[in-house]
Amino acid sequence: SAVISQKPSRDICQRGTSLTIQCQVDSQVTMMFWYRQQPGQSLTLIATANQGSEATYESGFVIDKFPISRPNLTFSTLTVSNMSPEDSSIYLCSVTGGAFGYTFGSGTRLTVV
Amino acid sequence: KQEVTQIPAALSVPEGENLVLNCSFTDSAIYNLQWFRQDPGKGLTSLLLIQSSQREQTSGRLNASLDKSSGRSTLYIAASQPGDSATYLCAVYGQNFVFGPGTRLSVLP
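Predicted, not measured: the structure shown is a model, and the values here were computed from it.

Caption draft 1: Broad picture of the overall build of chain B. Along its length, chain B carries zero helices and 11 strands. Secondary structure elements of chain B occur, N-terminal to C-terminal, as β-β-β-β-β-β-β-β-β-β-β. What you see for chain B is a C-alpha radius of gyration of 13 Å, in line with the 13 Å of a compact globule of 109 residues. In terms of principal-axis extent, the alpha carbons of chain B reach across some 40 × 25 × 20 Å. In chain B, once contacts between residues fewer than 6 apart in sequence are set aside, the share between residues at least 24 apart is 53%. Surface exposure of chain B reaches about 5300 Å², of which carbon and sulfur atoms provide 48%. Of the charged side chains in chain B, 8 are positive and 8 negative, and the gap between their average positions amounts to 4 Å.

Caption draft 2: Seen up close, the sheet that holds strand 7 (residues 68-72) of chain A. All names here are of chain A. Reading across the sheet, the four strands line up as 1-3-8-7 and stay open at both edges, with antiparallel pairing between neighbours. Each edge of the sheet is formed by a strand with only one pairing partner; in this case those strands are strand 1 (4-7) and strand 7. Going across the sheet, the axis of each strand differs from the next one's by a mean of 15°, ignoring polarity. Judged from the four bridges that link them, strand 1 and strand 3 (residues 19-25) form a sheet pairing that is antiparallel. Within strand 3, the residue paired with Ile4 across the bridge is Val25.

Caption draft 3: Local environment of the interface of chain A and chain B. The interface is formed by 16 residues belonging to chain A together with 16 residues belonging to chain B. Looking at the side of chain A facing chain B, the largest losses of area belong to Ser42(A), Tyr102(A) and Phe104(A), adding up to 40% of the total buried there. If you look at where chain A meets chain B, you find zero salt bridges. Joining chain A to chain B, the criterion identifies four residue pairs in polar contact (both at pLDDT 80 or more). When contributions to the side of chain A that touches chain B are tallied by element, the ones reaching two or more residues are strand 4 (31-37), strand 9 (89-96) and strand 10 (102-104) of chain A. Partitioning the side of chain A that touches chain B into residue classes produces eight nonpolar, seven polar and one charged.

Caption draft 4: Highlighting the pattern of salt bridges. For the coordinates displayed, the defined rule picks out three salt bridges over all chains. The residue Lys65(A) makes a salt bridge to Asp87(A) at a minimum N-O spacing of 2.6 Å. With Lys65(A) in the loop between strand 6 (56-57) and strand 7 and Asp87(A) in the loop between strand 8 (75-80) and strand 9, this pair connects stretches of sequence that are 22 residues apart. Grouping residues by exposure puts Lys65(A) and Asp87(A) together as buried. Across the pair Asp84(B) and Arg61(B) runs a salt bridge, and its minimum N-O distance is 2.8 Å. Of this pair, Asp84(B) sits in the loop between strand 8 (72-77) and strand 9 (86-93) while Arg61(B) is found in the loop between strand 6 (56-59) and strand 7 (62-67), placing the two residues 23 residues apart along the sequence.

Caption draft 5: Representation of the pairing of strand 5 (residues 44-51) of chain B in the model. All names here are of chain B. When strand 4 (residues 32-38) meets strand 5, the two strands line up antiparallel, connected through seven bridges. When the bridges of strand 5 are listed, Arg37 appears paired with Thr45. Between the end of strand 4 and the start of strand 5, which pair antiparallel, lie five residues, with Gly41 showing a positive phi angle near 75°.

Rules used throughout
Residues numbered from 1 in each chain as written. Chains lettered and ligands numbered in written order. Predicted model: local features only at pLDDT ≥ 70, side-chain atom pairs only at ≥ 80, totals over all residues. Heavy atoms only, no water. Helix = DSSP H or I, 4+ residues; strand = E, 2+ residues; numbered from the N terminus. Rg over C-alpha atoms; globule rule 2.2 N^0.38 Å. Contact = heavy atoms within 4.5 Å. Areas by Shrake-Rupley, 256 points an atom, 1.4 Å probe, with all protein chains shown as cover. Lys, Arg positive; Asp, Glu negative; His and termini not counted. Charge placed at Lys NZ, Arg CZ, Asp CG, Glu CD. Pairing = 2+ DSSP bridges. Axes fitted to C-alpha atoms, helices over the stretch in contact; angles between N-to-C directions. Buried area = accessible area lost by both parts, 1.4 Å probe. Salt bridge = Lys/Arg side-chain N within 4 Å of Asp/Glu carboxyl O. Polar contact = N/O pair within 3.5 Å; in protein donor to acceptor, adjacent residues only side chain to side chain. Nonpolar A, V, L, I, M, F, W, Y, C, P; charged D, E, K, R; others polar. Buried < 20%, exposed > 50% of the residue type's maximum accessible area, 1.4 Å probe, protein only.

Structure below.
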């Protein structure tokens, strides 16, 4: 199965600023997925990122708040913009490995103060 | 819309016990079901993947079963150890990938 390197692993940010999270995959993948896990909650899909096209956002998530880049088949970034304390969460990227199921990055623990 | 639930929400057991975690889903039209482990503040580690055509999968002390018709899966952990302490999530893949809320497991030495 794929191996994903995600960074930063954690950050503490001031409200009103932006943070960009990076995910690097060790193999080419068509789709990459970005999730948010709010404190004490399960995972919620933010968007699906395909290389060469606009990301597809789930209900409740918008591109202005969570812009995503997917410049090639092994890399993607998620930016959390104009942050507020409500954005404090763990953010995870994921890829599907076919018969191996889904593989996740190690997560980015974001705290907004 | 697929909904996934997990019972119990939390579980605390002494070391060495065998235990069962339950996962239920409402739409049986799934391709597969996956069990994950999540340590506090960390990402997800895949434990077992069961394809819709399979009944169970085993890995070491872990055994996961799938009954698609009844919308249920169980994760059996044998001879639990303190290192098994984590949150266990099940997720089903049908039209999209839907996670359950997780079971928080504490294994006491």
